[in-house]
Amino acid sequence: MSNIWNLFPFPTLSEGQFTDGALLPVHSQCAECPTRACAQTDPMREEIRRCRYGISFAFVDDSRLVNGIIVTDDLSVSSRARKHARKEPQRRVAASQLQHAIARASSLGAGITTEFNAVKEELLDRLERSPEMHAIISEQLRKGFEENLQQSHDFLQLVQLVRGYAEDLLLEKRPGMSLPDAADSLPAEGAIYYSTQLMELKIDSLKFMNEINRAVGHETRFQIHPLVVKYARIYKWQADQKALRFHVEGACYASCVYNNEAIGTVIQGVLDNLIKYSPAGSEAWIRFDETENEVQLSFSSLGPRIEASETQKIFLPGFRADAARRVEMTGQGIGLASARQISDVLGLRLGVQQAAQEDKKYRDRYRTEFSLWLTKTD
């Protein structure tokens, strides 16, 4: 639970952020309200008011108010309130119930939200100094995704079935061509082919999230460059949809010995993040830097701001940086979390660096680089 106010029965609004209640989620009309006039009124305690849309609200303290409910004690004065009460009976609340809930919250003492957030931030800030703390928190958060993995099996079978149909169409229309080349030449069938590949990759990341021990063992020798290019080609289709230009820099002829599915999941997680947050029309780079014993892979693009306190948190399951949530509403915080867990097990040293200055062309975007190291084999 990320917010203690999720324990309060009704939805609340504070500092421009809505929070679902334990009994009722945020009302869609409140979330879409262009003015949020309720938050601009004087925070008079114990007074229940109603906005022009017929939705009731009342202040808990000077900075937080309850909204998204229909207080039933006086519906006669508002036709919109009566309409909401008729269509949304689950949101009907008696004035006494609302006042009692507010009184109980107030009895916890002033500053309960501030104190809770301070403790949470203190714990998360320790991630910067303690890899052990990161591993403990990551393990606890990971457990929440086990159910998603179980639910994904049936979906994976459907994805594989659709992919099979797409491959048959590609081979039929472009006999003698490789599947990727055929997909590149047929926009409709190619879109289905690459979409299903992306879906399979994302489901595979759940596999490692649930059982990280799978990253160890089943090792094979493979060339680094072809593996990276394989995943880049899959994501290039998605990049083309937003006119994102991919560049591959540096030569690499080295091989390594790892579980290639695990390494693929790391590359996929970083590329997925890169594509999702790069602005349309921008550029991204994949770079190979080979030393005597290692190959450094770097993935550079423009991305939303990562605060210093978020540098390690973005690798936690379910965590998304504040700026990233504003840029892109979707996302579960799985890709980078899977990549980091595999990195920790295999010693890949996956990390991120970001420029301090905003990009001159794209507002609220910063040059961001994820890097990892693979050990070469003879």
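Residues numbered from 1 in each chain as written. Predicted model: local features only at pLDDT ≥ 70, side-chain atom pairs only at ≥ 80, totals over all residues. Heavy atoms only, no water.

(A) Just the overall build of the protein, in detail. Of the regular secondary structure elements, the protein holds 12 helices and 13 strands. Burial analysis of the protein (378 residues in total) assigns 44% to the buried set. Once local pairs closer than 6 in sequence are excluded, the contacts in the protein between residues at least 24 apart make up 65%. When the accessible surface of the protein is split by element, carbon and sulfur atoms take 51% of a total near 20100 Å². (Helix = DSSP H or I, 4+ residues; strand = E, 2+ residues; numbered from the N terminus. Buried < 20%, exposed > 50% of the residue type's maximum accessible area, 1.4 Å probe, protein only. Contact = heavy atoms within 4.5 Å. Areas by Shrake-Rupley, 256 points an atom, 1.4 Å probe, with all protein chains shown as cover.)

(B) The packing of aromatic side chains, seen in detail. A full pass over the atoms with the stated rule returns 3 aromatic pairs. Over the aromatic face of Tyr366 sits the side chain of Arg305, whose NZ or CZ is 5.0 Å from the ring centroid. Of note, Arg340 hangs over the ring of Phe315, and the distance from its end group to the ring centre comes to 4.7 Å. (Phe/Tyr/Trp six-rings, centres within 6.5 Å; stacked < 30°, edge-to-face > 60°. Lys NZ or Arg CZ within 6 Å of the ring centre and 35° of its normal.)

(C) A look at the environment of Ala39. With respect to the helices and strands, the residue Ala39 is situated in the loop between helix 1 (28-31) and strand 3 (49-50). Taking relative accessible area as the criterion, Ala39 reaches 35% and is therefore assigned partly exposed. Taking the C-alpha atoms as reference, Ala39 lies 8.3 Å from Arg64; in sequence the two are 25 residues apart. When residues no more than four places from it in sequence are discounted, the contact partners of Ala39 are Leu13, Phe59 and Leu65.

(D) Up close: unusual backbone geometry. At Arg36, a residue that is not glycine, the phi angle is positive and equals roughly 50 degrees. Here Arg36 shows up in the loop between helix 1 and strand 3. Here Arg36 falls in the partly exposed class, since its relative accessible area comes to 26%. In this structure, His218 is a non-glycine residue whose phi angle is positive, near 55 degrees.

(E) Quick look at the confidence of the model for the protein. In this model, the protein carries an average pLDDT of 81, and 82% of its residues clear a pLDDT of 70 or more. Per-element confidence in the protein ranges from a low mean pLDDT of 52 for helix 5 (residues 131-142) to a high of 96 for strand 13 (residues 366-375). (pLDDT = per-residue confidence, 0-100.)

(F) Representation of the environment of Asp289. Residue placement: Asp289 occurs in strand 10 (residues 283-290). On the accessibility criterion, Asp289 (29% relative accessible area) is partly exposed. Spatially, the C-alpha atom of Asp289 lies 7.9 Å from that of Ala251, the residues being 38 residues apart in sequence. Residues within four places of Asp289 in sequence aside, it is in contact with Glu294, Val295, Gln296 and Ser298. Within the local environment of Asp289, its side chain forms a polar contact with the side chain of Arg287, the two groups lying 3.0 Å apart. (Polar contact = N/O pair within 3.5 Å; in protein donor to acceptor, adjacent residues only side chain to side chain.)

(G) Looking closely at the sheet that holds strand 10. Ordered by their spatial adjacency, 5 strands build an open sheet running 8-10-11-13-12, and the pairing between neighbours is mixed. Of all strands in the sheet, those bounded by a partner on one side alone are strand 8 (245-249) and strand 12 (351-354). Neighbouring strand axes in the sheet, compared pairwise and without regard to direction, differ in orientation by 20 degrees on average. Relative to strand 13, strand 12 is paired through 4 bridges, and the arrangement is antiparallel. Looking at the pairing, Val352 lines up with Phe370 of strand 13. (Pairing = 2+ DSSP bridges. Axes fitted to C-alpha atoms, helices over the stretch in contact; angles between N-to-C directions.)

(H) Quick peek at the pairing of strand 11 (residues 294-303). Burial of strand 11 is extensive: 9 of the 10 residues sit out of reach of the surface. Both strand 10 and strand 11 contribute to a ladder of 6 bridges, which runs antiparallel. By the bridge assignment, Asp289 is partnered in strand 11 with Gln296. Hairpin connection, strand 10 to strand 11: the antiparallel pair is bridged by 3 residues. Bridging between strand 11 and strand 13 involves 10 bridges; their strand directions are antiparallel. Residue Phe299 lies in a different strand from strand 13, and its bridge partner there is Phe370.

(I) Representation of helix 3 (residues 95-106) within the structure. Look at helix 3: 16 Å from first C-alpha to last across 12 residues, which is about the 16 Å you get at 1.5 Å a residue. Ala95, Leu98, Ala101, Ile102 and Ala105 are the residues of helix 3 that are buried. Projected down its long axis, helix 3 shows its buried positions confined to an angular sector of 135 degrees, all on one face. Turned more than 90 degrees away from the buried face of helix 3, the exposed residues are Ser96 and Arg104. Taken together, the buried residues of helix 3 touch strand 4 (56-59), strand 5 (64-71) and strand 6 (92-93). (Expected span 1.5 Å × (residues − 1). Arc of directions from axis to C-beta.)

(J) Main features of the nonpolar core. Grouped together as the largest cluster of nonpolar side chains are 56 residues, with contacts concentrated most on Ile224, Phe246, Ile263, Leu297, Phe299 and Leu374. When residues in this core are grouped by element, the largest group, 9 residues, is from helix 10 (residues 260-277). Within the second largest apolar cluster, 15 residues are counted, among which are Val71, Val93, Ala95 and Ala101. (Core = buried A, V, L, I, M, F, W, Y, C linked by side-chain atoms within 4.5 Å.)

(K) Just the state of the cysteines, in detail. Counted by the stated rule, this structure contains 0 disulfides. We note that Cys33 lacks a disulfide partner, and the nearest cysteine sulfur, in Cys38, lies 6.6 Å from it. Between Cys252, a free cysteine, and Cys256, which holds the nearest cysteine sulfur, the sulfur-to-sulfur gap is 8.4 Å. You can call Cys252 buried: its relative accessible area is 6%. (Disulfide = S-S within 2.5 Å.)

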